[in-house]
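# Secondary and tertiary structure notes
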Amino acid sequence: MGTLNEDYLLVAAIDFGTEYSGYAFSTRDDYSRDPLKVAANTWGAGNLMSLKTSTCVLFDKNKKFHSFGFEAEDYYSGYALDDEHHDYYFFRRFKMKLFDRMQLKRKFMLEDEMGKKMSAMDVFSACIKYLKDHLMKRCQRNLPNTIDSHIRWVLTVPAIWNDTSKQFMREAANKAGIIDEQLMIALEPEAASIYCQHLPMTRLGITGGGFVPFAPGSKYLVFDAGGGTVDITVHEIQSSGSLKELYKANGRNWGGTYIDIAFRNLLADIVGNDVMDDFQATQMMDYIDLFREFEVKKRNFKNDMTERINFKVPIALNDDFKQKRGKNIKDHIKTKPQYDQKVNWIGDKLRMESGVAKGLYEGACDSVARHLKSLFSEGQVKDVQTILMVGGFSESPILQDIIRKAMPDKNIIKPADPGLAVLTGAVIYGHNPSVIHAGRYTYGVKAKVYPEAKKIADYDKDVLCADIFDIFGHLML
Ligand SMILES: Nc1ncnc2c1ncn2[C@@H]1O[C@H](COP(=O)(O)OP(=O)(O)OP(=O)(O)O)[C@@H](O)[C@H]1O
Ligand SMILES: [Mg+2]
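Residues numbered from 1 in each chain as written. Chains lettered and ligands numbered in written order. Predicted model: local features only at pLDDT ≥ 70, side-chain atom pairs only at ≥ 80, totals over all residues.

## Concerning the overall build of the protein
Counting its secondary structure elements, the protein contains 16 helices and 23 strands. The 477 residues of the protein split such that 39% are buried. Residue pairs at least 24 apart in sequence account for 70% of intrachain contacts in the protein once pairs closer than 6 positions are excluded. (Helix = DSSP H or I, 4+ residues; strand = E, 2+ residues; numbered from the N terminus. Buried ≥ 20, exposed ≤ 12 C-beta atoms within 10 Å, placed from the backbone. Contact = placed C-beta atoms within 7 Å.)

## Focus on the sheet that holds strand β16 (residues 243-252)
The strands making up a sheet associate through hydrogen bonds between their backbones, and the pairing can be parallel or antiparallel. The 5 strands are arranged β16-β15-β14-β20-β21 in an open sheet whose pairing can be described as mixed. At either end of the open sheet lies a strand with only one pairing partner, and these are β16 and β21 (411-413). With direction set aside, neighbouring strand axes in the sheet form an average angle of 20°. Bridge analysis of strand β20 (residues 386-390) against β21 gives 3 bridges, and the strand direction is parallel. Among the inter-strand pairings, T386 is bridged to a residue of β21, identified as N411. Against the sheet, helix α14 (residues 397-406) contacts β14 (219-225), β20 and β21, and its axis sits at roughly 170° relative to β20. (Pairing = 2+ DSSP bridges. Axes fitted to C-alpha atoms, helices over the stretch in contact; angles between N-to-C directions.)

## Some words on helix α9 (residues 284-298)
Relative to the 21 Å expected for 15 residues at 1.5 Å per residue, α9 spans 21 Å between its end C-alpha atoms, a close match to the ideal helical length. Of the residues making up α9, those classed as buried are M284, Y287, I288, D289, L290, F294, E295 and K298. Here the buried face of α9 lies against β5 (48-50), α2 (70-81), α7 (257-271), α8 (273-282) and β17 (309-312). (Expected span 1.5 Å × (residues − 1).)

## What to know about helix α4 (residues 120-142)
Given a rise of 1.5 Å per residue, 23 residues ought to cover 33 Å, and the 34 Å separating the end C-alpha atoms of α4 matches this to within 8%. All buried positions along α4 are accounted for by A120, V123, F124, S125, A126, C127, I128, Y130, L131, K132, L135 and C139.

## Section: the pairing of strand β1 (residues 10-16)
Among the 7 residues of β1, 7 are classified as buried, and the element is accordingly described as predominantly covered. By the alternation rule, side chains of β1 split into L10, A12, I14 and F16 and V11, A13 and D15, which are all buried. As paired elements, β1 and strand β12 (residues 151-157) share 6 bridges and run parallel to each other. Directly across from V11, in β12, lies its bridge partner R152. Here 7 bridges tie β1 to strand β2 (residues 20-27), and the two strands are oriented antiparallel to one another. Bridging across to β2, V11 finds its partner in S26. Between the end of β1 and the start of β2, which pair antiparallel, lie 3 residues.

## Overview of the environment of Q380
As for its position among the elements, Q380 is in the loop between α13 (362-375) and β20. You can call Q380 exposed: it has 12 C-beta atoms within 10 Å. Between the alpha carbons of Q380 and V234 there is a distance of 8.4 Å; along the sequence they are 146 residues apart. Here Q380 is in contact with V234, L246 and Y247, once residues within four sequence places are set aside.

## A few points about unusual backbone geometry
One non-glycine residue, D83, lies in positive phi territory at about 55°. Counting through the fold element by element, D83 comes out in the loop between α2 and β9 (89-92). Within the chain, R93 stands out as a residue other than glycine whose phi angle is a positive 45°. Relative to the elements of secondary structure, R93 occurs in the loop between β9 and α3 (95-100).

## Details of the pairing of strand β19 (residues 349-352)
Across the two faces of β19 the burial differs, with L350 and M352 buried and K349 and R351 not buried at all. Across 4 bridges, the pairing between β17 and β19 is antiparallel. If you follow K312 over to β19, its bridge partner there is K349. If you look at the hairpin formed by strand β18 (residues 343-346) and β19, you'll find 2 residues sitting between the two strands, and G347 has a positive phi there, around 55°.

## A look at the packing of α7 against α8
Where α7 meets α8, the closest approach of the two axes is 6 Å, and the angle between their N-to-C directions is 120°. As far as their axial angle goes, α8 and α7 are oblique. Contact residues: R264, L267, A268 and V271 in α7; N273, V275 and M276 in α8. Class assignment for the residues of the contact of α7 with α8 results in 5 nonpolar, 1 polar and 1 charged. (Parallel < 35°, antiparallel > 145°, perpendicular 65-115°, else oblique. Nonpolar A, V, L, I, M, F, W, Y, C, P; charged D, E, K, R; others polar.)

## Description of the packing of α13 against α14
Their axes nearest at 10 Å, the elements α13 and α14 cross at an angle of 30°. By crossing handedness, the relation of α13 to α14 is classed as right-handed. Residue-level inspection shows C365, A369, L372 and K373 of α13 in contact with α14, the latter providing I398, L399, I402, I403 and A406. Residue composition of the contact of α13 with α14, by class: 8 nonpolar, no polar and 1 charged. (Left-handed = near helix turned anticlockwise from the far one by under 90°.)

## So, the confidence of the model for the protein
Predicted confidence across the protein gives a mean pLDDT of 85, with 88% of residues reaching 70 or more. Counted against residues more than four places away or in other chains, residues 438-477, with its pLDDT under 50, gives 67 contacts. (pLDDT = per-residue confidence, 0-100.)

## Description of the environment of V427
Turning to its location among the elements, V427 is positioned in helix α15 (residues 421-431). Taking the C-alpha atoms as reference, V427 lies 5.9 Å from V11; in sequence the two are 416 residues apart. Discounting chain neighbours no more than four positions away, the residues touching V427 are V11, A13, A24, F25, S26, V38 and V154.

## Describing the sheet that holds strand β8 (residues 65-68)
Pairing within the open sheet is antiparallel, and its 3 strands lie in the order β8-β7-β9. Single-partner strands in this sheet number two, and they are β8 and β9. Sheet twist, expressed as the mean angle between neighbouring strand axes with direction ignored, is 15°. Bridging between strand β7 (residues 56-59) and β9 involves 4 bridges; their strand directions are antiparallel.

## What about the environment of V271?
Looking at where V271 falls in the secondary structure, it is placed in helix α7. Between the C-alpha atoms of V271 and I329, which are 58 residues apart in sequence, the distance is 7.0 Å.

What follows is the structure in structure tokens.
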């Protein structure tokens with residue numbers, strides 16, 4: 001029988017997101033004092049400080065790991081500036097490729113930004129290894145005696161992933177040096193639910209009394225608005241306090257990156273798509289800076305803002321434009337009546353009326369609201385009264401307002417740190433796995449001995465084992 005290390009001292013969770021990835025951890029001691037007390041790293045990129053880093057990874061020409069996160073973006077764009085990037089392998093936003101290829105083969109290759117191929121397993125395991133090593137170093141600073149075997153790892157995956165994708169992540173973690181006895185896989189919405197269940201009412205953003213969101217029998221919809229997608233899952237709290245999944249839906253592409261795309265489209269509408277494409281290809285560093293600047297500004301957009309918004313835009317964009325069109329953007333913009341008085345371009349500054357800035361949210365927010373409305377008319381979701389808003393994009397006051405307006409009869413719960421709900425919940429789950437519904441084998445530990453009768457041949461001709469997990473719920477109860 002496979003056993004999970006019971007003598008662990010620390011739980012560490014890794015959230016590998018489409019756009020951002022990070023880790024969080026807490027010791028057994030921390031957990032017993034306050035389950036919500038977890039530590040996470042702060043990653044910086046210029047003015048942007050974040051508890052998760054960008055999901056980007058860079059390998060050298062020998063496919064040897066080079067760097068991860070904002071650092072990988074900086075290195076790669078630096079090499080591009082010197083035209084020395086061609087031999088490198090640079091991957092970004094590749095997580096959903098696992099989902100797109102549900103019939104995933106272990107030898108599945110991923111294409112990098114330039115179309116060069118590397119084994120998906122090597123790419124994923126290098127990322128997990130980087131986060132694992134980073135965390136170990138960080139822990140050893142505070143707890144110098146921490147060693148590998150003291151840690152219980154939790155890796156989160158989307159609810160809609162099939163067992164093949166989950167098994168792939170497990171193997172990638174094994175390859176990164178995390179053995180099965182120390183590894184748990186948790187579903188992102190379940191981790192987010194656990195986090196919310198542990199929060200005091202005051203931090204759940206609930207107004208008005210008399211409403212107990214997590215009483216046995218209650219159902220709620222987990223609305224996880226991330227970078228790439230908005231994932232929807234419906235849970236019911238069982239009488240034992242564990243979770244039962246009633247419904248899950250494919251994530252739709254209305255996450256936070258939709259706003260970045262809207263901003264890019266606005267710029268392209270002003271300067272022309274060809275100029276924007278060229279600028280992206282030849283001035284990668286400036287391009288990345290422009291979107292980091294936008295990221296910082298975008299996080300503060302609110303419905304009631306009236307002031308104009310100023311962005312710093314790289315001078316190189318105007319230079320490129322001038323070279324192609326023979327004039328400055330500042331003068332060109334005056335020939336576009338739709339931007340008259342609304343968008344001004346002055347040197348390296350772009351000044352935008354607040355209405356234009358808010359308008360960037362329209363497409364994603366309207367689609368999300370329409371989708372939620374139609375979902376609530378469906379069978380399994382009809383009688384659900386509560387929406388739990390988690391994921392980084394749920395931090396947006398504009399999105400929150402839209403959801404509240406679209407769903408006036410529902411109880412909307414927005415925890416204090418929606419962007420960290422998955423990570424924090426995953427750490428809590430690592431300390432206490434019995435909080436999740438015990439009936440699914442994916443939470444178990446892979447048994448060491450695979451009985452012959454349970455071996456099945458997959459499409460890849462590799463041998464996988466079905467039904468070989470112990471149930472944590474049983475181990476813990
Ligand atoms: N205050 C804010 N206002 C608007 N958007 C925000 C805010 N804070 C974070 N975001 C957006 O949230 C997104 C990141 O969310 P999150 O970290 O949950 O994504 P992820 O886990 O990488 O993606 P996924 O869950 O789709 O795999 C980014 O697009 C970011 O711009
Ligand atoms: Mg996420």
